[in-house]
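Single-letter residue listing:
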Amino acid sequence: MPKIRKAYKVQLKTNKESEVLLTRFCGSGRFLWNKSLAMNLERLNNRQPILWYNELAFWLTLWKRSEEYGFLKECPSQVLQQKLQDLERAFRDCFDKNQPLKRMPVFKKKGSGDGIRFPQGFKIDNRRIFLPKIGWIGFHKSREIAGTIRNITITNRNGKWYASIQVEQMIETGKHVSDSEIGIDAGVTCFAAFSDGTVVEGIHSYRKHEDLLAREQRKLSRKKKGSENWKKQKRKVSTLHHTIANVRQDFLHKLSTGISKNHAKVYVEGLQIRNMSASARGSIEEPGRHVKAKSGLNKSILDQGWFEFQRQLDYKLFWRGGMLVEVNPRHTSQRCSCCGHTAKENRASQAVFKCMVCGHQEHADVNAAKNVLTVGQTGMACAANHISDRQQESAENREGVLPIAS
Ligand SMILES: [Zn+2]
């Protein structure tokens, strides 16, 4: 039985005392992260190898003994060690060619994504969490926490404290209930198109919120930094950011859940972004010169959440005994899903596909999705050529249809 990891997020019922401690520990964690990150970025700039966990942990013991950074001693040491491990992971991920979306780790600012993780020493008893050096804190419980608890991460958002409880659960993955297979194309004119003809529009409410966000951000920039009005406006902007993220996640989750329930095998285009993005960074052994530069990915695809969508599809299909398969995207947008004729001219406009040979006309992204399915079903990693051969054969058997070699 495979294991899966899941997280339950609960709001903590903190009091003044626990808030003071949590704030202090988060501050120590942030300080350690930023200091270690700065050291490593400087090393990268000087083309020196990065310091990994063991070296950084050695520095940590020195810092704890020093007068200047002695405050680190107050923080539970496993929390600090975890920070260094997270930093090591962040660097490894960023140089990992299989994770093209990972960027270089960044400095943490107070109140933005700075949390502390307890890998051990915690306890949970119905409605309370015990944290080392802090003690018991109650939490708002909405559902039963199932599985073995691996770690607990504490974060603060807009003055409220949350605990994300990560658990490991064993799941049974039998055979998928359906044997349906589907191809999906990351649409040019829509969010996604399916080989069964379904077209999923983009996230419109997201656009609307984005305009609002831009307006509120302009207002914020006009206020005096640090003033009461500025703080108020800052909270507004932060809440809006949160809302946008939620709307988007909600949209993607609904879509990926539906697909993973109804289809056992889902084929998507491998967008071949891995090489593009990884090259600028170089490798761990030999960091590139522009390690800090953002990778040259198509930002609109990123914004649309296509990769998050794929990630969700991948694990949800896995849970249900299904599978996500990436196929070679070559020519999928120019090939006729009906007769196999492949030509630029088939793509008369972004939205419409019209085959120059057989006259087949279709929503361009649906046509591409059908090709993704066909390429996937032939089961070949570099199937672009093979598939057109196969389609040409079948097309030749059809009366009156003569494919032109591309
Ligand atoms: Zn055709």
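First, a word on what this report is: a plain description of the structure on this page.

### Regarding the overall build of the protein chain
1) Next: Helix and strand counts for the protein chain stand at 10 helices and 14 strands.
2) Next: The buried share of the protein chain, taken over its 406 residues, is 43%.
3) Next: Of the contacts made within the protein chain by residues no fewer than 6 positions apart, 67% connect residues no fewer than 24 positions apart.
4) Next: For the protein chain, the accessible surface area stands at approximately 22,500 Å², while carbon and sulfur atoms represent 49% of it.

### Describing the nonpolar core
1) Next: F91, L131 and I154 are the most contacted members of the largest nonpolar core, which totals 46 residues.
2) Next: In terms of residue count, the dominant contributor to this core is helix α1 (residues 16-45) (nine residues).
3) Next: Setting aside residues up to four positions removed in sequence, I154 forms contacts with L12, L22, G115, I116, F118, L131, W161, Y162 and A163.
4) Next: Residues I182, L252, V266 and F309 belong to the second largest nonpolar core, which totals 17 residues.

### So, the sheet that holds strand β9 (residues 192-194)
1) Next: Pairing within the open sheet is mixed, and its five strands lie in the order β10-β9-β8-β11-β12. Only two strands of the sheet have a single partner each, and these edge strands are β10 (199-200) and β12 (323-327).
2) Next: This element, helix α9 (residues 364-377), spans β8 (181-186), β9, β10, β11 (265-269) and β12 of the sheet and lies at about 130° to β8.

### Side note on the packing of aromatic side chains
1) Next: Under the counting rule described, the total for this entry stands at 10 aromatic pairs.
2) Next: Taking 5.4 Å as the distance between ring centres and 50° as the angle between the ring planes, the aromatic pair formed by W306 and F309 counts as tilted. Of this pair, W306 and F309 both sit in helix α8 (residues 306-319), three residues apart, roughly one helical turn.
3) Next: Of the residues examined, F309 reaches a relative accessible area of 0% and is grouped as buried.
4) Next: One aromatic cluster is present, built from ring pairs that chain together F31, W59, W63, Y69 and F71.

### Observations regarding the coordination of the zinc ion
1) Next: At the metal site, the zinc ion is ligated by C336 (SG), C339 (SG), C355 (SG) and C358 (SG), and these contacts range over 2.3 to 2.4 Å.
2) Next: Bound by four donor atoms, the zinc ion shows angles of 106 to 115° at the metal and therefore tetrahedral coordination geometry.

### Side note on a nonpolar patch on the surface
1) Next: On the surface, F58, W59 and L62 cluster together to form a nonpolar patch covering roughly 290 Å² of accessible area.
2) Next: Note on placement: L62 falls in helix α2 (residues 53-65).
3) Next: Residue L62 is classed as partly exposed on the basis of its relative accessible area, which comes to 34%.

### Here's the deal with the side chain of E168
1) Next: Note on placement: E168 falls in strand β7 (residues 160-170).
2) Next: Owing to a relative accessible area of 17%, E168 belongs among the buried residues under this scheme.
3) Next: Side chain to side chain, E168 and R5 meet in a polar contact 3.1 Å long.
4) Next: Look past the residues within four positions of E168 in its chain and what remains in contact with it is K3, I4, R5, G147, T148 and R150.

### Considering the environment of N40
1) Next: For N40, the position within the fold is in helix α1.
2) Next: Measuring from C-alpha to C-alpha, the distance between N40 and L87 comes to 10.0 Å, with 47 residues separating the pair along the chain.
3) Next: Not counting chain neighbours up to four residues away, the residues in contact with N40 comprise I50, L51, L56, L87 and F91.

### Describing the pairing of β7
1) Next: Pairing analysis gives nine bridges linking strand β1 (residues 3-13) to β7, with the strands arranged antiparallel. For A7, the partnering residue across the bridge sits in β7 and is Q166.
2) Next: Where strand β6 (residues 148-157) lies against β7, nine bridges are found, and the strand directions are antiparallel. Directly across from I152, in β7, lies its bridge partner I165.
3) Next: Following β6, the chain reverses through two residues before pairing antiparallel with β7; N158 in that reversal takes a positive phi of roughly 50°.

### Some remarks on the sheet that holds strand β3 (residues 123-125)
1) Next: Pairing within the open sheet is antiparallel, and its seven strands lie in the order β2-β6-β7-β1-β5-β4-β3. What marks the edges here is a single partner per strand, and that holds for β2 (116-118) and β3. Strand-to-strand twist of the sheet, defined as the mean angle between neighbouring strand axes without regard to direction, takes the value 35°.

### Some details on α9
1) Next: With 14 residues, α9 extends 20 Å from end C-alpha to end C-alpha; this agrees with the ideal 20 Å at 1.5 Å per step.
2) Next: Taking burial as the measure, the 14 residues of α9 include 12 buried ones, the bulk of the element.
3) Next: All of the buried residues in α9 are A364, D365, V366, N367, A368, A369, N371, V372, L373, T374, V375 and G376.

### Things to note about the packing of α2 against helix α3 (residues 77-94)
1) Next: The geometry of α2 relative to α3 is characterised by a closest axis approach of 10 Å and an angle of 145° between their N-to-C directions. Crossing hand, α2 versus α3: right-handed. Each of Y53, L56, A57, L60 and K64 in α2 lies in contact with α3, whose residues at this interface are S77, L80, Q81, L84, Q85, L87 and E88.

### Here's the deal with the pattern of salt bridges
1) Next: Taken as a whole, this structure holds 15 salt bridges when the rule is applied.
2) Next: A salt bridge links R5 to E168; the nearest nitrogen and oxygen atoms lie 3.1 Å apart. Taken together, the residues span a long stretch of sequence, with R5 in strand β1 and E168 in strand β7 at a distance of 163 residues.
3) Next: Given a relative accessible area of 43%, R5 falls into the partly exposed group.
4) Next: As a salt-bridge pair, R89 and D93 come within 3.0 Å of each other at their nearest N and O atoms. Taken as a pair, R89 and D93 lie in helix α3 at a separation of four residues, close to a single helical turn.
5) Next: With a relative accessible area of 48%, R89 lands in the partly exposed category.
6) Next: Salt bridges sharing common partners tie together R5, R150 and E168.

Reading guide: rules and limits
The numbering scheme is per chain: residues are counted from 1 as the chain's sequence reads. Only residues with pLDDT of 70 or above have their local features reported here, since the model is predicted, and side-chain atom pairs are shown and tallied only from 80 upward, although totals for entire chains, interfaces and linings are computed over all residues. Hydrogens are left out, water is left out, and the side-chain values use all remaining heavy atoms of the structure. Working definition: helices are DSSP H or I runs of at least four residues, strands are E runs of at least two. Numbering for both runs from the N terminus. Exposed residues in this analysis have more than 50% of their type's maximum accessible area, buried residues have under 20%, and partly exposed residues fall in between, with area computed by a 1.4 Å probe over protein chains only. Note on contacts: a residue pair qualifies if any of its non-hydrogen atoms lie within 4.5 Å across the two residues. Exposure was quantified through the Shrake-Rupley algorithm and a 1.4 Å probe, taking into account, for residues, occlusion by the shown protein chains and nothing else. To qualify as a nonpolar core, a set must consist of buried Ala, Val, Leu, Ile, Met, Phe, Trp, Tyr and Cys residues joined through side-chain atoms within 4.5 Å. Between any two strands, at least two bridges found by DSSP are needed for them to pair. Lines fitted to C-alpha atoms define the axes here, with helix axes fitted over just the stretch in contact, and angles between the N-to-C directions of these axes take values from 0 to 180 degrees. Each Phe, Tyr or Trp ring, with Trp reduced to its six-membered ring, pairs with another whose centre is within 6.5 Å; inter-plane angles below 30 degrees give stacked pairs, above 60 give edge-to-face pairs, and intermediate values give tilted ones. The rule for donors is simple: an N, O or S atom within 2.8 Å of the metal counts, and for Na, K and Ca the reach is 3.2 Å. Water is not among the atoms, so a site may look short of donors. By the criteria applied here, four donors are tetrahedral when all angles lie between 85 and 135 degrees, four are square planar and six octahedral when opposite donors are over 155 degrees apart and every other angle lies between 65 and 115, and any other arrangement is irregular. Patch definition: residues with relative accessible area over 30% and no salt bridge; like charges joined within 9 Å; nonpolar side chains (Val, Leu, Ile, Met, Phe, Trp, Tyr) joined within 5 Å. By convention in these notes, a salt bridge is any Lys or Arg side-chain nitrogen within 4 Å of a carboxyl oxygen on Asp or Glu. Polar contacts here mean pairs of N or O atoms no more than 3.5 Å apart (in protein, one a potential hydrogen donor and the other a potential acceptor; neighbouring residues in sequence count only if both atoms are side-chain atoms). Here a helix's expected span is defined as the number of its residues, less one, multiplied by 1.5 Å. With the far helix as reference, a near helix turned anticlockwise by less than a right angle produces a left-handed crossing, and one turned clockwise produces a right-handed crossing.

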